[in-house]
Amino acid sequence: MKKFKNLAALTAFSMAFVLVFSLPSLAQTPKLTDPEIASVAVVANQIDINYAAIAKEKSKNAEVLRFAETMTNDHKAIIAQAVELVTKLKVTPQDNAVSQKLNADAEKTKKLLLKKSGKAFDKAYIDNEVAYHKAVIAAVTGLLIPEAQNAELKALLGKVVPALNAHLAHAEMVQKNFK
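Residues numbered from 1 in each chain as written. Predicted model: local features only at pLDDT ≥ 70, side-chain atom pairs only at ≥ 80, totals over all residues. Heavy atoms only, no water.

A. Expanded view of helix α3 (residues 62–89). An ideal rise of 1.5 Å per residue puts 40 Å on 28 residues; α3 measures up with 41 Å between its terminal C-alpha atoms. Residues of α3 that are buried include every one of V64, F67, A68, M71, T72, H75, I78, I79, A82, L85 and V86, and no others. Buried-residue contacts for α3 involve α2 (34–58), α5 (118–147) and α6 (151–175). In this structure N61 caps α3, since a side-chain oxygen of it lies 2.9 Å from the backbone nitrogen of E63. (Helix = DSSP H or I, 4+ residues; strand = E, 2+ residues; numbered from the N terminus. Expected span 1.5 Å × (residues − 1). Buried < 20%, exposed > 50% of the residue type's maximum accessible area, 1.4 Å probe, protein only. Contact = heavy atoms within 4.5 Å. Polar contact = N/O pair within 3.5 Å; in protein donor to acceptor, adjacent residues only side chain to side chain.)

Right, here's the structure in full:
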């Protein structure tokens, strides 16, 4: 029963995240400034790096470990590009309700992942990665890109989408081993 509750909580987080970010026409959709968008982008990437760090500590599965290493490398590179851009533009990322909610939800997911081990961990981690990448793609394409005012920021966000799609495809491929 406890296993079901943890899975249900992880699924609920993923679905809530998708709903918040994939429905930009809703009245409660946040309006973000470019500094806030920069913060959300960095936070979202850092969260996935943090999840990968947990996977690298807990997993023994070679495919999961390769995926986690890819997430670490790729998301660090995206953060570096974002930092380079905001430095060039002399913009300071600004914390906001969206980045705070991302961090709070990530902390809950982290706790769920840390409670698992073995194949149960690998499945939970990769299931979360699939859901997280779907949500992030929806957020980038449905909220961050449309809200971005600066052309270079908008271009950087657009440039990241193919990598996110590749991550999603990779996660879904690994996920097939845990059905």
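B. Highlighting unusual backbone geometry. In this structure, K90 takes a positive phi of about 60 degrees despite not being glycine. In this structure K90 comes out as exposed when scored by relative accessible area, which is 76%.

C. Structural detail: the packing of α2 against α3. Packing of α2 against α3 leaves a shortest axis separation of 8 Å and a crossing angle of 155 degrees. Considered as vectors, α2 and α3 are oriented roughly antiparallel to each other. α2 and α3 meet at a crossing whose hand is left-handed. Contact with α2, carried on its side by A38, V42, N45, Q46, D48, I49, A52, A55 and K56, involves V64, L65, A68, E69, M71, T72, H75, K76, I78, I79, A82 and V86 of α3 and no other residues of that element. When the residues that make up the contact of α2 with α3 are grouped by side-chain class, the tally is 13 nonpolar, 4 polar and 4 charged. (Axes fitted to C-alpha atoms, helices over the stretch in contact; angles between N-to-C directions. Parallel < 35°, antiparallel > 145°, perpendicular 65-115°, else oblique. Left-handed = near helix turned anticlockwise from the far one by under 90°. Nonpolar A, V, L, I, M, F, W, Y, C, P; charged D, E, K, R; others polar.)

In short, shape yes, function no, at least from these values alone.
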